[in-house]
Amino acid sequence: MGLFDLFKKKNSQQPLDNITLETLVQKAATEPAYRAEFYKRLLSDELIIITQNSGRQQGNHILQEETKVNIVSYPDGKIPVFTSTDRIFDKGVVKEEVEYMQMKGENLFDLAKGATFLLNPYSDYGKELLPDEVERMLSGKILTDTSKTLTIEKETKVQIGQPAKYPTDIINSLKILFTNKPNLKAAYLGWIFDPESGEPPHYIFGLEADGDIENLTQEAGFTAKQFLESDEFVDFIKVDKKNGLSEYFLKSVEPFYKR
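The structure displayed is predicted, hence computed values, not measured ones.

## A word on the overall build of the protein chain
Then, in step 1: Helices and strands together make up the secondary structure of the protein chain, namely eight helices and eleven strands.
Then, in step 2: Residues classed as buried in the protein chain amount to 43% of the 259 residues present.
Then, in step 3: Taking contacts inside the protein chain between residues at least 6 apart in sequence as the whole, the part at least 24 apart equals 69%.
Then, in step 4: Summed over all atoms, the accessible surface of the protein chain reaches about 14,800 Å², with 46% contributed by carbon and sulfur.

Shown next, in the form of structure tokens:
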């Protein structure tokens, strides 16, 4: 089961610009292009927790060291967390006013390490955040723990062409992701096989972009991985004059995305 299998399904597409976290919860439910941004914003945006007997006024707080917060949890220990106070009262499950506190997601997850969180549990769109998932967010590995960087140190002969099966779902999601990447000029698709690597043939994406593309390839790789089996993988390379594969993309392939 994938990380987002608990989301309620609904078709939706929209560029990432100016999307609130609350909207991202809905977008990420069915469109992998929004999931990298969703995880980043879970850490950087403000979240709401229900508290009790805190002795503090409701709202945003900067917690001092050794501060104790009485966070309301379910009998099984899972902690409800909300993207706004309105979400607390969805579907009338919570019928009376409650005491709440607002804090940056990163601080909240760090405060309650080891807990399972239920994001917007009373809404049509929600997400269970398991302890391992939260830990990978905090460590920054959520987008990169299934990726690796390879450096080719010698001339290598590879076979490259176009895939027999066009990855329509991957391409469509990457197009959505790329709309919010202004440094990306064009993106190309290929199919590559390196006989000496011991790895099977696989998709390779060429990205023609300005500057460093590490963050771009991390998000693109994470997005593509949502459609692959556990033993499948894809490659991303920067298209420029410094590597031989670029010539294939620039001279023989029509970009599937162009700014």
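## What to know about the packing of aromatic side chains
Then, in step 1: Going through the model one piece at a time under the given rule, you end up with eleven aromatic pairs.
Then, in step 2: Pairing tyrosine 188 with phenylalanine 249 gives two aromatic rings, centres 5.9 Å apart and planes at 40 degrees, and the pair type is tilted. With a gap of 61 residues between them, tyrosine 188 in strand β8 (residues 184-193) and phenylalanine 249 in helix α8 (residues 245-252) connect regions that are remote in the sequence. For the residue pair tyrosine 188 and phenylalanine 249, the accessibility class agrees, reading buried in each case.
Then, in step 3: When the centroid spacing of 6.0 Å and the interplanar angle of 80 degrees are considered together, the rings of phenylalanine 205 and phenylalanine 256 count as edge-to-face.

## Focus: the confidence of the model for the protein chain
Then, in step 1: Residues at a pLDDT of 70 or more form 84% of the protein chain, whose mean pLDDT is 86.
Then, in step 2: This model gives residues 8-13 a pLDDT under 50, and the stretch forms 17 contacts once residues within four places in sequence are excluded.

## Some details on α8
Then, in step 1: Among all positions of α8, only Leu245, Ser246, Tyr248 and Phe249 are buried. Angular distribution of buried residues about the axis of α8 spans 160 degrees; they occupy a single face of the element.
Then, in step 2: Turning to α8, the residues buried within the fold contact β7 (159-161), β8, β9 (202-209) and β10 (235-238).

## Remarks on the nonpolar core
Side chains that are nonpolar tend, in soluble globular proteins, to be buried together.
Then, in step 1: Phe38, Leu42, Phe109, Phe117, Phe178, Phe205 and Phe256 are the most contacted members of the largest nonpolar core, which has 55 residues in total.
Then, in step 2: Looking at this core element by element, the count peaks at six residues for helix α6 (residues 168-178).
Then, in step 3: With residues up to four places along the chain from it excluded, the contact list for phenylalanine 117 reads Ile79, Val81, Leu108, Phe109, Ala112, Lys127, Glu128, Leu129 and Val134.
Then, in step 4: Among the nonpolar cores identified, the runner-up in size contains ten residues, and Ala186, Ile192, Val239 and Phe249 belong to it.

## Focus on unusual backbone geometry
Peptide bonds are mostly trans, and most non-glycine residues show a negative phi.
Then, in step 1: A positive phi is found at lysine 91, a non-glycine position, where the angle reads about 60 degrees.
Then, in step 2: Turning to its location among the elements, lysine 91 is positioned in the loop between α3 (85-88) and β4 (99-104).
Then, in step 3: The exposure class assigned to lysine 91 is exposed, which follows from its relative accessible area of 64%.

## Description of the side chain of histidine 202
Then, in step 1: Along the chain, the position of histidine 202 falls in strand β9.
Then, in step 2: A relative accessible area of 7% places histidine 202 in the buried class.
Then, in step 3: A polar contact is formed between the side chain of histidine 202 and the side chain of aspartate 235, at a distance of 2.7 Å.

## Topic: the packing of helix α2 (residues 35-44) against helix α5 (residues 131-139)
Then, in step 1: α5 packs onto α2 with a crossing angle of 80 degrees between their chain directions and a minimal axis gap of 10 Å. Classified by the angle their axes make, α2 and α5 are roughly perpendicular. For the pair α2 and α5, the contacting residues are Tyr39, Leu42 and Leu43 in the first and Glu133, Met137 and Leu138 in the second.
Then, in step 2: Each residue belonging to the contact of α2 with α5 can be placed in one class, and the counts come to five nonpolar, no polar and one charged.

Analysis parameters
- Residues numbered from 1 in each chain as written.
- Predicted model: local features only at pLDDT ≥ 70, side-chain atom pairs only at ≥ 80, totals over all residues.
- Heavy atoms only, no water.
- Helix = DSSP H or I, 4+ residues; strand = E, 2+ residues; numbered from the N terminus.
- Buried < 20%, exposed > 50% of the residue type's maximum accessible area, 1.4 Å probe, protein only.
- Contact = heavy atoms within 4.5 Å.
- Areas by Shrake-Rupley, 256 points an atom, 1.4 Å probe, with all protein chains shown as cover.
- Phe/Tyr/Trp six-rings, centres within 6.5 Å; stacked < 30°, edge-to-face > 60°.
- pLDDT = per-residue confidence, 0-100.
- Arc of directions from axis to C-beta.
- Core = buried A, V, L, I, M, F, W, Y, C linked by side-chain atoms within 4.5 Å.
- Polar contact = N/O pair within 3.5 Å; in protein donor to acceptor, adjacent residues only side chain to side chain.
- Axes fitted to C-alpha atoms, helices over the stretch in contact; angles between N-to-C directions.
- Parallel < 35°, antiparallel > 145°, perpendicular 65-115°, else oblique.
- Nonpolar A, V, L, I, M, F, W, Y, C, P; charged D, E, K, R; others polar.

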